[in-house]
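Chain by chain, the residues:
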Amino acid sequence: MAQREATLYRMKLATHECPYGLLARRMLEDAGYTVDEHLLTTREEVDSFQRREGVSTTPQIFIHGKRVGGSEELAAYLEKVPQE
């Protein structure tokens, strides 16, 4: 079985942890992915990431180096991917 790997960028500030980032991590783990998790822990890190990637929200998930999108896009992606 091939190794399934994903990269997850999610917001975890001192006063707020994004529930969609936690959901995305859980969906990836449940689907058998190893998750390379990158926490964005300051507003500046979140803003910088969003500018760099040209996105307006977090979390953002990358699989095989390609951006899948946020948690809703991840759910749709996982529905289409054959489960091993």
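Structure: see above.
Residues numbered from 1 in each chain as written. Predicted model: local features only at pLDDT ≥ 70, side-chain atom pairs only at ≥ 80, totals over all residues. Heavy atoms only, no water.

**Observations regarding the overall build of the protein chain**
Stated precisely, the cut-off is as follows: We count a stretch as a helix when DSSP gives it H or I for four or more residues in a row; a strand needs E for two or more, and each element gets its number in order from the N terminus. The atom set for the radius of gyration is the C-alpha atoms, and the globule formula is 2.2 Å times the number of residues raised to the power 0.38. When a residue's accessible area, from a 1.4 Å probe over protein chains only, is under 20% of the maximum for its type it is buried; when over 50% it is exposed; and in between it is partly exposed. Every residue pair with non-hydrogen atoms within 4.5 Å of one another is taken to be in contact.
The number of helices and strands found in the protein chain is 3 helices and 4 strands. The globule rule puts the C-alpha radius of gyration for 84 residues at 12 Å, and the 13 Å found for the protein chain is close to it. Judged by the C-alpha coordinates and their principal axes, the protein chain covers about 40 × 25 × 20 Å. Looking at the 84 residues of the protein chain, the share that counts as buried comes to 38%. The long-range share in the protein chain, meaning contacts at least 24 apart out of those at least 6 apart in sequence, stands at 64%.

**Some remarks on the nonpolar core**
Using the following cut-off: Within this scheme, the nonpolar core is defined by two criteria: the residues are buried Ala, Val, Leu, Ile, Met, Phe, Trp, Tyr or Cys, and they are joined through side-chain atoms within 4.5 Å.
A6, L28, Y33, I61, I63, L74 and L78 are the most contacted members of the largest nonpolar core, which totals 13 residues. Only β1 (5-11), α1 (19-30), β3 (60-63) and α3 (71-80) provide two or more residues apiece to this core. The leading source of residues in this core is α1, at 3 residues. Ranked by size, the runner-up nonpolar core spans 9 residues in total, among them Y9, L40, V46 and F62.

**Quick look at the pairing of β3**
Stated precisely, the cut-off is as follows: Two strands are counted as paired when DSSP detects at least two bridges linking them.
Burial of β3 is two-sided: the residues Q60 and F62 facing one way and the residues I61 and I63 facing the other way are all buried. One ladder, built from 4 bridges, connects β1 with β3; its direction is antiparallel. Among the inter-strand pairings, A6 is bridged to a residue of β3, identified as I63. Note that β3 and strand β4 (residues 66-69) share 3 bridges and pair antiparallel. Considered in β4, the bridge of I61 is made with G69. In this structure, the hairpin formed by β3 and β4 is closed by a connection of 2 residues, where H64 is found at a positive phi of approximately 55°.

**Some points on the environment of T7**
With respect to the helices and strands, the residue T7 is situated in strand β1. Separated by 45 residues in sequence, T7 and R52 have C-alpha atoms that sit 16 Å apart. With near-sequence residues (within four places) excluded, T7 lies in contact with D36, H38, Q60, I61 and F62.

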